[in-house]
Amino acid sequence: MVDTVRTTPELLTPLFQDGQSKGATTAQDMRDLVVSVKDPAAVVEINALADFPTPVSGVITLVTGKTYMINGAIDIGVNRIDASAGAIGIFGRSSEVISLTTNNVAAMITSDETLTIMHCSLTNTGGPCFNLGAAGKFYRFDDITLNSAGVDSITNGIAAVFTNTRWSGGAAGVTISGAWTAILFRSCGFFSLTGTPTMMTMASGTTPNIFNVDGTQFLTAAGQTGIDIDSAI
């Protein structure tokens, strides 16, 4: 029977205290320790649209404190995702094989709370993939491929960190606005965009303390713009 009373420190004490005799730690001790430090209820496995919270008026509202593990290629139809509950992560295994897709004029993912998205591809054939931002919040993208029909945007926040993130195949890039402590693009890429988009725009009134673009490529075709920084900045 799993021990549901002892806390993690109480479990660690008999496991690692000095003078333990050989074999004193039992298999049940180890099972109890695993149960105490892992919270399976915090991870939501997404294998189909039905595994998300039920959409209300086309909005899938994610639950605070949850990590959503995306398995495979998930089409959320004309719905969109609201991650504003806070303390939320959206994770896959690889942007090559894991994806979320929608067809919505509104942004696929919105949040005014801290959000992390890693190891997946996001496609919105009707509009932006994300619209994020609020004072004091942190946004992290890592190993993400974005295919956006509308301009993605980040507004305000402590930091936005994009690592190995690629805008590829869509018709739009990203717009940055508002006050920021740091905005970082590391080993990112903007390429194969259609039409004549601006790949990265820093809008009027943007005030980043740190703005860093490191190891990032802007591959433009005729009529396309790589970076547009407002002249007042």
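Basis of the calculations
- Every chain begins its residue count from 1, and numbering advances along the sequence as written.
- At least 70 in pLDDT is required for a residue's local features to be given in this predicted model, at least 80 for side-chain atom pairs to be given and counted, and no such filter applies to totals for whole chains, interfaces and linings, which use all residues.
- With hydrogens and water stripped out, all remaining heavy atoms of the structure feed into the side-chain values.
- Comment: elements are numbered from the N terminus, with helices defined as DSSP H or I runs of at least four residues and strands as E runs of at least two.
- Only the protein chains shown count as cover for residues, and all accessible areas are computed by the Shrake-Rupley method using a 1.4 Å probe.
- Each patch is built from salt-bridge-free residues with over 30% relative accessible area, joining like charges within 9 Å and nonpolar side chains (Val, Leu, Ile, Met, Phe, Trp, Tyr) within 5 Å.
- Just to be clear on terms, a salt bridge is a Lys or Arg side-chain nitrogen sitting within 4 Å of an Asp or Glu carboxyl oxygen.
- Categorising residues by exposure relies on relative accessible area from a 1.4 Å probe, with only protein chains included: less than 20% of the type maximum marks a residue as buried, more than 50% marks it as exposed, and the intermediate range marks it as partly exposed.
- Ring geometry is summarised as follows: Phe, Tyr and Trp rings, the Trp one being its six-membered ring, pair when their centres sit within 6.5 Å, and such pairs are stacked at plane angles under 30 degrees, edge-to-face over 60 and tilted between the two.
- Here a polar contact means two N or O atoms within 3.5 Å. Within protein one must be a hydrogen donor candidate and the other an acceptor candidate, and residues neighboring in sequence count only if both atoms are side-chain atoms.
- Whether two residues are in contact is decided by their heavy atoms: any pair within 4.5 Å suffices.
- The term nonpolar core refers to a set of buried residues drawn from Ala, Val, Leu, Ile, Met, Phe, Trp, Tyr and Cys, joined through side-chain atoms within 4.5 Å.
- Two strands pair under a simple rule: DSSP has to find at least two bridges between them.
- Here pLDDT means the predictor's own confidence in every residue, given as a number from 0 to 100.

### Overview of the overall build of the chain
Moving on, step 1. If you tally the helices and strands in the chain, you get 2 helices and 18 strands.
Moving on, step 2. As displayed, the chain has an accessible area near 11000 Å², and 55% of this comes from carbon and sulfur atoms.

### Section: a nonpolar patch on the surface
Moving on, step 1. A surface patch of nonpolar side chains, about 290 Å² in accessible area, is lined by Val-213, Ile-227, Ile-229 and Ile-233.
Moving on, step 2. Looking at the element boundaries, Ile-233 is found in the segment after strand S18 (225-229).
Moving on, step 3. For Ile-233, a relative accessible area of 42% gives the class partly exposed.

### Describing the pattern of salt bridges
Moving on, step 1. This model, assessed by the stated rule, comprises 3 salt bridges.
Moving on, step 2. Salt-bridge contacts for Glu-113 lead to Lys-137; the nearest nitrogen and oxygen are separated by 3.0 Å. A residue pair is termed long-range when its members are at least 10 positions apart, and Glu-113 in the loop between strand S8 (109-111) and strand S9 (115-124) and Lys-137 in the loop between strand S10 (130-132) and strand S11 (138-148) qualify at 24 residues.

### Quick notes on the packing of aromatic side chains
Moving on, step 1. Counted according to the given criterion, the structure contains 10 aromatic pairs.
Moving on, step 2. When the ring of Trp-167 is compared with that of Phe-190, the centres are 4.5 Å apart and the planes differ by 5°; the resulting orientation is stacked. Of this pair, Trp-167 sits in strand S12 (residues 152-168) while Phe-190 sits in strand S14 (residues 189-191), and the two are 23 residues apart along the sequence. Residues Trp-167 and Phe-190 agree in their burial class; the two are buried.
Moving on, step 3. What links up through ring pairs into an aromatic cluster is the set Phe-130, Phe-141, Phe-162, Trp-167, Phe-185, Phe-190 and Phe-218.

### Some details on the side chain of Thr-145
Moving on, step 1. Along the polypeptide, Thr-145 turns up in strand S11.
Moving on, step 2. In terms of polar contacts, Thr-145 uses its side chain to reach the side chain of Arg-166, at 2.9 Å.
Moving on, step 3. Residue contacts for Thr-145: discarding those within four places in its chain leaves Ser-95, Cys-120, Ser-121, Leu-122, Arg-166 and Ser-168.

### Quick word on the environment of Ala-106
Moving on, step 1. Summarising the element assignment, Ala-106 is placed in the loop between strand S7 (99-102) and S8.
Moving on, step 2. For the pair Ala-106 and Asn-79, spaced 27 residues apart in the sequence, the C-alpha separation amounts to 9.3 Å.
Moving on, step 3. Setting aside residues no more than four positions away along its own chain, Ala-106 makes contact with Arg-80, Asn-124 and Pro-128.

### Side note on unusual backbone geometry
Moving on, step 1. The backbone of Ser-57 shows a phi angle near 50°, a positive value even though the residue is not glycine.
Moving on, step 2. Tracing the backbone through its elements, the reader meets Ser-57 in the loop between strand S1 (43-46) and strand S2 (59-61).
Moving on, step 3. Positive phi, normally seen in glycine, also occurs at Asp-143, with a value near 55°.
Moving on, step 4. With respect to the helices and strands, Asp-143 occurs in strand S11.
Moving on, step 5. Looking at Asp-143, the relative accessible area reads 12%, which means it is buried.

### Some words on the nonpolar core
Moving on, step 1. Membership of the largest hydrophobic core comes to 43 residues, with the highest contact counts inside it found for Phe-52, Leu-100, Ile-109, Phe-130 and Phe-185.
Moving on, step 2. With 5 residues, strand S13 (residues 174-186) is the single largest residue contributor to this core.
Moving on, step 3. Every residue in contact with Phe-130, bar those within four places of it in the chain, is listed here: Ala-107, Ile-109, Phe-141, Leu-146, Asp-152, Ser-153, Ile-154, Phe-162, Trp-167 and Val-174.

### Remarks on the pairing of S7
Moving on, step 1. Relative to S7, strand S4 (residues 73-75) is paired through 3 bridges, and the arrangement is parallel. The residue bridging Ile-74 from the neighbouring strand is Leu-100, located in S7.

### Considering the confidence of the model for the chain
Moving on, step 1. Put simply, the chain has an average pLDDT of 88, and 83% of its residues get 70 or more.
Moving on, step 2. When the criterion is pLDDT under 50, residues 33-38 qualifies, and its contacts beyond four places in sequence or with other chains add up to 8 contacts.

### So, the environment of Ile-158
Moving on, step 1. Among the structural elements, Ile-158 can be located in strand S12.
Moving on, step 2. When its relative accessible area of 41% is taken as the criterion, Ile-158 is described as partly exposed.
Moving on, step 3. Distance from Ile-158 to Gly-136, taken between C-alpha atoms, is 4.9 Å for residues 22 residues apart in sequence.

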